[in-house]
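Notes for the structure review
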Amino acid sequence: MLSFRTRLTVIIISMVALSVVASGLLMLKTFKENHIQVLEETLEREMRLIAAQMDWVSGDNEEVINYYTDQATMLQELMDSRVTFIQSDGTVLGDSSFNPSEMDNHSNREEIVGALKTGIGKSIRPSDTLHKNMLYVAIPVTNEIIDDTYVIRLAMSLDEVEQSINSLTMVLIVGLIILFVIAALTSYRIALSLTKPLEKITQVAKRIKNMDYRARVEGIKQDEIGELGNAINAMAESLQIQMARIRQNENHLQSVLSNMINGVVMMDANGAILIMNERAENILGVSARKLIGKPYSDIKQQYELSQLIVEGFDTKEFIHEEITFYYPEERLLELNLVPIYHGNSSDFGGILLVLQDVSAIRRLERMRSEFVANVSHELKTPIAAVKGFAETLLGGVVKDEETTRSFLQIIYDESERLNRLIGDILELSKIESRRAPLMLTPVDINEFMSNTIAILEVSAMRKNIHIDMTSPEEFYMEADEDRLRQILVNLLSNAINYTPEGGTITIVISESKDENIVISISDTGIGIPEKDLPRIFERFYRVDKARSRISGGTGLGLSIVKHLVELHKGTICVTSTVGVGTKFTIELPSIQ
């Protein structure tokens, strides 16, 4: 396909060429007609002079023919034109170029007919005798001497006229070629000046179409095309601003969706999924790439969810429900199906599904309920004991001083246990609410561990339990010394309480790859069943409830340990084998 510039150049050149060719042809035609007309008028004047000056004779004999032939020959020498004398019946009486007796009858010749009919006859045709293109002009002659009408005919060759026209034609052709070249160059420059700005505008428009909104039309004149370029620039600037706003809004929306703790799924009126954030992917266990643009029925793993969505599309009303998902893992979800309408109209646009994992919330609620029940149960036992023995003493039934002393000791022990329980509850509450900030100081691990072991050494010696510690010579860390001691005392106390007599407790202190402090406490105690390991850090959870109460435990020690470790930005884990022993591993950052 030809370019617009080429088409415009061709059109301009064609118009110039047609105009010049038409003008040349018209000029040639006019030149030829004027030249012939001048010749005709000249021949007519010459013939009228001949008619007026010549002596006319009549007859049919040879002398008359010779007379007119001689006159024709003489006149031809004077006028340089072929002269012919013809009778009205077409008989040739004399001719300056041929023998009249051998010539055909001329009654049907166009110029003869015209002369006899209108007074002058003209004709242009090839001569039958001379075989040239000739101009014939004839006039009738009437004289008193002759009884008949004669016709004088002059003929002139058009070779000179044709040569003049050919010469003029060559000049015109050369001029046309030169003019055509000039017109082509001029047309190209004109087309270039018109199309170059349009090409720039077209290139910019294509860049805008390809979302390059920074493209601008530059270097154009302030004319109609310039106004078009300015309009394109204004449109590009407006689109650039709008696309920047759209991208910014999209980024904000994407950031919100990506960082939401709730799963969000948006479906159109036909049920096709339009939006699905990362949290929804995790909850549903399906990649968004597999579902975007597809119907919600493709979420085949969750039949109850599909039924709720169907109900939402049927009723087009808000639906709130809690259902249990078993894929990819078991969890309790709170579902909110919100119908979407376009603006203030009643045109239904789809459904927004919000998924919230409430498993942790429900678990915390259950733990809170269990905590309240456990606290009530733990408080009820010592209070009942104190009340019972106190009532017995107040009743005056016991008279024996030794028995009374025994009862008072029980009341004292239960009160002490009750005090420890309330103290641990308050301590745990304070730690959880972070109302007890850490007092961080440099701690020499070796000296710290030696002092801690010394605190529990008496309890260990009672059961003939050996405590062995392995540690680098110099080891320092940043921690709250009192809280750190509380952690280790709790763990060591549990190890002593649940390790049979003659057992061993091993403490190993080392440094991890991340330069964290790792403290592991292993014992050769009774161990913890595997099913109980995930719950040992829960409040009031006891593996051996009877033995725990005998040892004076409140059931909150490990829970306090876990919270204190987390307060130090550390981690704690446990491994255990029943009948072999238990190992607690704490990893704490050396610098807080």
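In this text the structure is predicted, and so the values were computed from the model without any measurement.

It is worth spelling out the overall build of the protein chain at this point. Counting secondary structure elements, the protein chain contains 14 helices and 17 strands. When the 592 residues of the protein chain are sorted by exposure, 37% land in the buried category. Within the protein chain, contacts between residues separated by at least 24 positions form 57% of all contacts whose residues are at least 6 apart in sequence. Just so you have it, the protein chain exposes about 34,700 Å², and 54% of that area is on carbon and sulfur atoms.

Our next topic: the pairing of strand S10 (residues 348–357). Buried residues dominate S10, accounting for seven of its 10 residues. Bridge analysis of strand S6 (residues 263–268) against S10 gives six bridges, and the strand direction is antiparallel. From the neighbouring strand, Met-266 faces S10, where its bridge partner is Leu-352. Inspection of the sheet shows strand S9 (residues 331–341) paired to S10 by nine bridges, in the antiparallel sense. Counted as the bridge partner of Tyr-341 is Phe-348 from S10.

The next thing to look at is unusual backbone geometry. Backbone geometry at Met-211 places phi at a positive 70 degrees, although glycine is not the residue there. Mapped onto the fold, Met-211 is located in the loop between helix H4 (159–209) and helix H5 (224–259). Phi at Lys-316 is positive, roughly 55 degrees, even though this residue is not glycine. Tracing the chain through its elements places Lys-316 in the loop between helix H8 (303–315) and strand S8 (319–325).

Strands belonging to one sheet form pairs held by backbone hydrogen bonds; the direction of such a pair is parallel or antiparallel. Pairing is antiparallel in the open sheet, where five strands are placed in the order S2-S1-S5-S4-S3. With one partner strand each, in any of the chains shown, strand S2 (92–95) and strand S3 (121–126) form the two edges of the open sheet. The average undirected angle you get between the axes of adjacent strands in this sheet is 20 degrees. Where strand S1 (residues 82–87) lies against S2, three bridges are found, and the strand directions are antiparallel. Its bridge partner lying in S2, Phe-85 is registered against Gly-94. Taken strand by strand, helix H2 (residues 62–79) contacts S1, S2 and strand S5 (150–157), and its axis lies near 35 degrees from that of S2.

Structurally, Thr-582 can be placed in strand S17 (residues 581–589). Note on Thr-582: relative accessible area 6%, which makes it buried. Here the side chain of Thr-582 touches Ser-576 through a polar contact of 2.9 Å, side chain to side chain. Each residue touching Thr-582, except ones within four places of it in the same chain, is listed here: Ile-521, Ser-522, Asp-523, Gly-527, Ile-528, Val-574, Thr-575 and Ser-576.

On to the sheet that holds S17, then. Reading across the sheet, the five strands line up as S12-S14-S15-S17-S16 and stay open at both edges, with mixed pairing between neighbours. Here the strands that pair on one side only, and so sit at the sheet edges, are strand S12 (466–470) and strand S16 (571–577). Averaged over all neighbouring strand pairs, the angle between strand axes comes to 15 degrees, with direction disregarded. One ladder, built from seven bridges, connects strand S14 (residues 504–511) with strand S15 (residues 516–523); its direction is antiparallel. By the bridge assignment, Glu-511 is partnered in S15 with Ile-517. Its contacts with the sheet put helix H12 (residues 481–497) on S14, S15, S16 and S17, and the angle it makes with S15 is roughly 20 degrees. Across the face of the sheet, helix H14 (residues 557–567) comes into contact with S16 and S17 while running at roughly 140 degrees to S16.

Definitions and cut-offs
- Residues numbered from 1 in each chain as written.
- Predicted model: local features only at pLDDT ≥ 70, side-chain atom pairs only at ≥ 80, totals over all residues.
- Heavy atoms only, no water.
- Helix = DSSP H or I, 4+ residues; strand = E, 2+ residues; numbered from the N terminus.
- Buried < 20%, exposed > 50% of the residue type's maximum accessible area, 1.4 Å probe, protein only.
- Contact = heavy atoms within 4.5 Å.
- Areas by Shrake-Rupley, 256 points an atom, 1.4 Å probe, with all protein chains shown as cover.
- Pairing = 2+ DSSP bridges.
- Axes fitted to C-alpha atoms, helices over the stretch in contact; angles between N-to-C directions.
- Polar contact = N/O pair within 3.5 Å; in protein donor to acceptor, adjacent residues only side chain to side chain.

Nothing here speaks to function; it is geometry throughout.
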